[in-house]
Amino acid sequence: MEKAFSDSLHQFWVADHLKAPTEKSNVFMDEWETIDKIMQMWMFCTISESLLQMVLKKQSSTHDMWQDLEDMFRINKDTKIIQLDNELRTINQGESDGSSYCTHLKSVADMLNNINSPVPKKIFLCMLSMG
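A brief structural summary. For every chain, the first residue of the written sequence is number 1, and numbering continues from 1 onward in sequence order. With the structure being a predicted model, the display of local features is reserved for residues of pLDDT at least 70 and the display and counting of side-chain atom pairs for 80 or more, all residues being used for whole-chain, interface and lining totals. Only heavy atoms go into the side-chain values, all of them from the structure, while hydrogens and water stay out.

The next point concerns the overall build of the protein. Under the DSSP-based scheme used, a helix requires at least four consecutive residues in state H or I and a strand at least two consecutive residues in state E, with every element numbered from the N terminus. Each helix and strand counted, the protein has six helices and zero strands in total. Listed N to C, the secondary structure of the protein is α-α-α-α-α-α in terms of helices and strands. Expressed as a percentage of its 131 residues, the buried residues of the protein come to 29%. Residue contacts are defined here by distance: any two heavy atoms, one from each residue, within 4.5 Å place the two residues in contact. Taking all contacts inside the protein whose residues are at least 6 apart in sequence as the whole, residues at least 24 apart take part in 45%. Counting only carbon and sulfur atoms, one obtains 57% of the accessible surface of the protein, whose full area is about 9,400 Å². Summary of the burial criterion: residues with accessible area below 20% of their type's maximum are buried, those above 50% are exposed, and those between are partly exposed, where the area comes from a 1.4 Å probe applied to protein chains only. Here the Shrake-Rupley method, with its probe set to 1.4 Å, supplies the accessible areas, and only the displayed protein chains count as covering residues.

Dropping the structure here:
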């Protein structure tokens, strides 16, 4: 999620809004605040209602909201790694076809990779072959 969000920000030349604002001229700050409000609206439409309620404050910038989101996910990261690792190791092909089984394995491995806990290729191939 973070990479997709960051890529989108770079695509529209607004990645600096994840950093704390620096004091500059009033003209610059007016433009910065306008862009920041647009980005906040984009975040409001992008994240879930429950996450929005946790990061929404009366006077906050996109930077503040992003920091709060990042902090929440960082705190839960180890728990999520354990949960996904356990899921990966207990996936069973059972009645599902080979394609569905492989897609499920890849999906869980990708989620682990997204939180900086990649599954070594040897382990992944072993799990694929055990089906």
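Don't stop here, the text continues.
On to helix H5 (residues 98-114), then. In a helix, the anticipated span is given by 1.5 Å times the number of residues less one. Here H5 spans 24 Å end to end across 17 residues, near enough to the 24 Å set by a 1.5 Å rise per residue. Measuring from the side-chain oxygen of the N-cap residue of H5 to the backbone nitrogen of Ser99 gives 3.0 Å; that N-cap residue is Asp97. One or two residues past the end of H5 sits Asn116, with phi positive at roughly 60°. Think of a polar contact as two N or O atoms within 3.5 Å of one another; within protein, one of them needs to be a possible hydrogen donor and the other a possible acceptor, and neighboring residues in sequence only count if both atoms come from side chains.

Below, the discussion takes up the pattern of salt bridges. What counts as a salt bridge is simple: a side-chain nitrogen of Lys or Arg found within 4 Å of a carboxyl oxygen of Asp or Glu. In total, this model carries two salt bridges according to the counting rule given. Between Lys106 and Asp110 there is a salt bridge, with its nearest N and O atoms 3.0 Å apart. Here Lys106 pairs with Asp110, and both are found in helix H5, just four residues apart, close to one helical turn. In this structure Asp110 comes out as partly exposed when scored by relative accessible area, which is 32%.

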